[in-house]
Every structure is written in C-alpha cells, then in structure tokens.
Amino acid sequence: MTRSQRLQRALPAGVLAVVTVTDVVSGPDQVILGLVVMAPLLAATTLSRRGTVGYAVLALVLAALLGVYDQQYTANTMLPQVVRLLAVAGGGVLAVGACSLRLRREAQLARLSAQAATTEAALQTAEALQLNLLGPPPRVAGLESAVRYLPASRHTQVGGDWYDAFSLPDGSTMLVIGDVAGHDAPAAATMAQVRAMLQAIAQRSPGSPAAVLSALDEVLAGLGLTTLVTVTAARIDARAQDAVDGTRLLRWSNAGHPPLLLARADGGVVLLDRTPESLLGIAPGAPRTDHTVRLCPGDTLLFYTDGLIERRGAPLDDGLAWLVGELSRTGREPLDRLCDDLLGQLGGRVDDDVALLAVRVPG
C-alpha cells in the first residue's frame, strides 16, 4: 500500500478525531457534532462497504455521545438533537449507497479492462500466427514491394487472406492476392494449402495466370476442397524488348476478387475492372480470361482483400471510390508509407481481415 493510500484510509478517522476534539474544546455552547457525518462520506470514496458502514455507525454513536456532553437532551434542545442524529444517520446511509455504487463501477471497469486485455492478446496471437503462415514479406528482384496484414477487430482467430510474390523459371514475376472464406483454423489451413498449390502450379506450368487459376480450380475439386476462394493472379513478363524503355507487360486473371488498382506515375489511377469471373470452388472448368496492361516506370499496382473497402451498411462501390481517391493522393509515396497511410485511414478497426501487396516498377 502506498503512502497516499494509507493517508486516504486514515482520513475518515482523522475527521472524527478533529470534530470530537473541536467540539469538546469549544464547550457545550458550540454544537458542531453534526460534522461527524463527513467521516462516512469520505470513507465511501476509498474504503470497502464494510469500512463505510463501520464509520457510519461510529459517527452516529459519537454524535449521540457528544450530544450528552453538549447537554442536547433537555426539553428545549431535544428536537434539534434528534434532527442532527437523523441527519447523521441519513448521511451514513447515503455514504453506504455511494460506496456500493463506486465498488460496482470499479468491478465493472476491472472486468472490462481484463476483457480488453484478453481480446488484445488474442488478436496479437492471431496476427502472429497469420503472419507466420504467410511467411516473410516477399521480395522480388527488379520490383519494389511492400506488404501489410491487419486482422479484423471483431475476430480473434486466424483467417484466409493471403498475399504472395515469387519469381518464375523464365524470369517473370507472379503476384497473387487471395481470400479463403472463413475466420477460423480450417480457413487458415485451407489458405496455406491453396497458396502452396498455386505456387507449385505456377512454377511447373509456363501458362498464363488464367491457366494457373483453371488448373488450381481443378486441383481443389479433385481434393474435395469445397471452400470458396477468391484470387487475383498476375504475371509481369520479363522480356528483353521491355527493358529498352523500362515498361513491363502485366497479365492478370481475376477469380471473383476485388479489382486491382494501378496508380500511374503521372498521378492518375486506373481501376483494372473487367467482366467478373467465378470464384474458385464453384464451377471447375469454367473459362477464365487473361487481361493485359502495360506498366511504365514509376507505376504502382495495389493488390488487396475486400476488408480494405468493406464498410458496414455501405456498398463496395463506395469503398472502391474511397480507395481510388486515396491512391490519387498517395500513389507516388514510398510503398511502406502508402500502405501505412491506407491502413491508418481505417482507424485500426475493420470488419474483415485486410491483406495488402503493393508493387512498383522502378523509375
């Protein structure tokens, strides 16, 4: 117990002592015994309910005894003395009620604090596990990149969001963003499986992103994995003629995922939105399409999961419009700052997990 706490506990007793001594020293003509009611009121702010009740009873007894010393039980002074005693008793009752209310609020605050600490610890554990499943931030030669992962504030479990970037045998780069439905351990396990299978298919197959997604869809069906998966797979070709002017050819295919965003070096932002194609796990063998766009030096690609643009009670188009506006403002910032700014705009609380992969063609 600190010195301040000991002083607070001793204060009610000190008040009783001061009032008693002052009343005795002042003599029977100066009646200040009613001031003893301050003791239980002070006790209510620091002591337990039992301690407050004790001071309330002690104050009433002391007021009655001081009344004898002050000669307050005569025919002329009996009524005022009874009123004083009733006031002291009423003050004691109020003090006990106030103490009970304080203790209830303190218990509620302690419970909420414990719950908040438990939730924060669970979120940190889930985030650490998710990042461990994702592995170290991907680094690809010839491109600048940055990644971020933000768990949903309403979940304390791992989820199915992931990002990936890796080199292919022919020198091209594969960039991936995906989301497995669910926020539990099975979703995280499926995410790890899908991520590994996509890497294996892309490494062994020289096909386009659409071909890789088609093969992945068939493999998932063959394994009996019926979980829904949204994925955007993109490939930046590495060819000698591109190196002359510094441009790169981007090919991508989208399986039900939010569209990529391209922040041009000149400040413009392009939404790479095309006719939607089905998620993985719905219709294996469904046709998938490759799309192309030429990337110039300084251009930035943003891959993201839907937690970045989802807003409770608002359509996704509003979230996309917000994201386009943010990239118009920050699209030429360093990638780490760009990603941090986007997550900072969310205020640290999101309804769904957010995975980000930002890639820039060096200027």
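Residues numbered from 1 in each chain as written. Predicted model: local features only at pLDDT ≥ 70, side-chain atom pairs only at ≥ 80, totals over all residues. Heavy atoms only, no water.

### Comments concerning the nonpolar core
Here is step 1: If you look at the biggest cluster of nonpolar residues, it comprises 45 residues, and the most contacted ones within it are W162 and L250.
Here is step 2: No other element matches the six residues that helix α5 (residues 185–204) contributes to this core.
Here is step 3: If we ignore the near neighbours within four places in the chain, the residues touching L250 are A234, R235, I236, L272, H291, T292, V293, L295 and L301.
Here is step 4: L323, C339, L342 and V354 belong to the second largest nonpolar core, which has 20 residues in total. (Core = buried A, V, L, I, M, F, W, Y, C linked by side-chain atoms within 4.5 Å. Buried < 20%, exposed > 50% of the residue type's maximum accessible area, 1.4 Å probe, protein only. Helix = DSSP H or I, 4+ residues; strand = E, 2+ residues; numbered from the N terminus. Contact = heavy atoms within 4.5 Å.)

### Regarding helix α6 (residues 209–222)
For an α-helix the count is 3.6 residues per turn, leaving residues at separations of three or four pointing the same way.
Here is step 1: In this model α6 runs 20 Å from its N-terminal to its C-terminal C-alpha over 14 residues, within 8% of the 20 Å that 1.5 Å per residue would give.
Here is step 2: Contact partners of the buried residues in α6: β3 (173–180), α5, β4 (229–237) and β5 (248–255).
Here is step 3: Note on α6: the residue one or two positions beyond its end, G224, has a positive phi of about 75°. (Expected span 1.5 Å × (residues − 1).)

### Structural notes on the sheet that holds strand β2 (residues 161–167)
Here is step 1: Within the open sheet, the five strands sit side by side as β2-β3-β4-β5-β8. Their pairing is antiparallel. Lying at the two open borders of the sheet, with one neighbouring strand each, are β2 and β8 (291–295). On average, adjacent strands in this sheet sit at an angle of 15° to one another, irrespective of strand direction.
Here is step 2: The pairing of β2 with β3 spans seven bridges and is antiparallel. If you follow Y163 over to β3, its bridge partner there is I177.
Here is step 3: Packed onto the sheet, α5 meets β2, β3 and β4 and runs at close to 20° relative to β2. (Pairing = 2+ DSSP bridges. Axes fitted to C-alpha atoms, helices over the stretch in contact; angles between N-to-C directions.)

### As for the pairing of β8
Here is step 1: In β8, alternate side chains face the same way, and those of H291, V293 and L295 are buried while those of T292 and R294 on the opposite face are not.
Here is step 2: Direction of pairing for β5 relative to β8: antiparallel, over a ladder of five bridges. Its bridge partner lying in β8, L250 is registered against V293.

### Quick word on the confidence of the model for the protein chain
Here is step 1: Here the protein chain averages 85 in pLDDT, and 91% of its residues register 70 or above.
Here is step 2: Averaged pLDDT values over the elements of the protein chain bottom out at 58 in helix α7 (residues 240–245) and peak at 97 in strand β6 (residues 260–263). (pLDDT = per-residue confidence, 0-100.)

### Side note on the pattern of salt bridges
Two side chains with opposite charge may pair up if their charged atoms get near one another.
Here is step 1: Tallied over the entire structure, the rule returns 12 salt bridges.
Here is step 2: The salt bridge involving D340 is made with R148; its shortest N-O contact spans 2.7 Å. Here the residue D340 occupies a position in helix α9 (residues 335–345), and R148 occupies one in strand β1 (residues 144–150), the gap between them amounting to 192 residues.
Here is step 3: For D340, a relative accessible area of 42% puts it in the partly exposed group. (Salt bridge = Lys/Arg side-chain N within 4 Å of Asp/Glu carboxyl O.)

### Section: the sheet that holds β6
Neighbouring strands of a sheet are bound in pairs by backbone hydrogen bonds; such pairs are parallel or else antiparallel.
Here is step 1: As summarised here, the arrangement of the five strands in space is β1-β10-β9-β6-β7, forming an open sheet in which the pairing is antiparallel. At either margin of the open sheet sits one strand with a lone partner, and together these are β1 and β7 (269–272). Strand-to-strand twist in this sheet, taken as the mean axis angle between neighbours without regard to direction, amounts to 15°.
Here is step 2: Across five bridges, strand β9 (residues 300–304) lies against strand β10 (residues 354–360) in antiparallel orientation. Note that in β10 the partner of L302 across the bridge is A358.
Here is step 3: The strands touched by α9 are β1, β9 and β10; relative to β1, the strand with the most contacts, the crossing angle is about 25°.

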